[in-house]
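# Analysis of the macromolecular model
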Amino acid sequence: MIRAITLLSAATLLAACAHTAQKPTSDPGVGSTSYRVANDTGLAHYSLALGQVAMGATIEQHVPPAYPDSELAACPPQVELPARVIVDTRGNVGEVRMAPPTAQQPFAEAVRKALQDWRYTPLTITRWAADADGNSHAVDTEAKPFSLDYVFTFRCEHGHTSVSAGPQSPAR
């Protein structure tokens, strides 16, 4: 009798600890976007002459692209989209060059839309010279357009979004 009560108690305790596996949710995923400066992609750099100094070409305002709502239900595998950003002499994005396959067009549009609002410190090249007394002074300053290559990564996750940015690279 004691043995039966012990077995019954043990079975009751085990049943209380057991849980039912929950069915995976059928909710659409949550998308996240990140971007990084692409590794050396062969862009030409400005050649500076003796006495010239380049400054600027740094990002001031940037919001990553939003994950396209139209793609959340399908939750496609990770999409990596390279893009070349052409920045004008005022520091505004003048052009975005991409060649995505048709299936990635919604992601390309998200990149283009976000980049419309990105702002950079203009790239300026200043020529310095010294006078007869050895004092240096700026002779002239010219703003120049420049380009940067990025890789935008879109992930569909079940959970929270995350955004990260890679290190900056020199202007080209």
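Residues numbered from 1 in each chain as written. Predicted model: local features only at pLDDT ≥ 70, side-chain atom pairs only at ≥ 80, totals over all residues. Heavy atoms only, no water.

### Quick notes on the overall build of the protein chain
Broken down by element type, the protein chain carries three helices and nine strands. Counting helices and strands in the order they occur from the N terminus, the protein chain gives α-β-β-β-α-β-β-α-β-β-β-β. When each of the 172 residues of the protein chain is scored for burial, the buried share is 32%. Put simply, 77% of the contacts in the protein chain that link residues at least 6 apart link residues at least 24 apart. As presented, the protein chain carries roughly 11,200 Å² of accessible surface, and 57% of it is formed by carbon and sulfur atoms. (Helix = DSSP H or I, 4+ residues; strand = E, 2+ residues; numbered from the N terminus. Buried < 20%, exposed > 50% of the residue type's maximum accessible area, 1.4 Å probe, protein only. Contact = heavy atoms within 4.5 Å. Areas by Shrake-Rupley, 256 points an atom, 1.4 Å probe, with all protein chains shown as cover.)

### Here we look at the confidence of the model for the protein chain
When pLDDT is averaged across the protein chain, the result is 77; 73% of the residues are at 70 or more. Segment residues 1-26 is flagged for pLDDT under 50; beyond a separation of four residues in sequence, or across chains, it makes zero contacts in the model. Segment residues 159-170: pLDDT under 50, and 23 contacts once partners within four positions in sequence are set aside and those in other chains are kept. (pLDDT = per-residue confidence, 0-100.)

### A look at the pairing of strand β7 (residues 123-130)
As paired strands, strand β2 (residues 52-55) and β7 are joined by four bridges and run antiparallel to one another. Looking across to β7, one finds that M55 is bridged to T124. In this sheet, strand β8 (residues 136-144) lies alongside β7 in antiparallel orientation, the contact comprising eight bridges. Within the sheet, the bridge partner assigned to T124 lies in β8 and is A143. Between β7 and β8, which pair antiparallel in sequence order, lie five residues; one of them, G134, sits at a positive phi of approximately 90°. (Pairing = 2+ DSSP bridges.)

### Describing helix α3 (residues 105-115)
Residues of α3 that are buried: F107, A108, A110, V111, A114 and L115. Projected down its long axis, α3 shows its buried positions confined to an angular sector of 160°, all on one face. Where α3 is buried, its residues touch α2 (69-72), β4 (79-87), β5 (93-97) and β9 (146-157). (Arc of directions from axis to C-beta.)

### Focus: the side chain of E71
For E71, the location among the structural elements is in helix α2. R112 is the oppositely charged side chain nearest to the buried, salt-bridge-free E71, at an N-O distance of 14 Å. The residues contacting E71, other than those within four sequence positions of it, are P76, P106 and F107. (Lys, Arg positive; Asp, Glu negative; His and termini not counted. Salt bridge = Lys/Arg side-chain N within 4 Å of Asp/Glu carboxyl O.)

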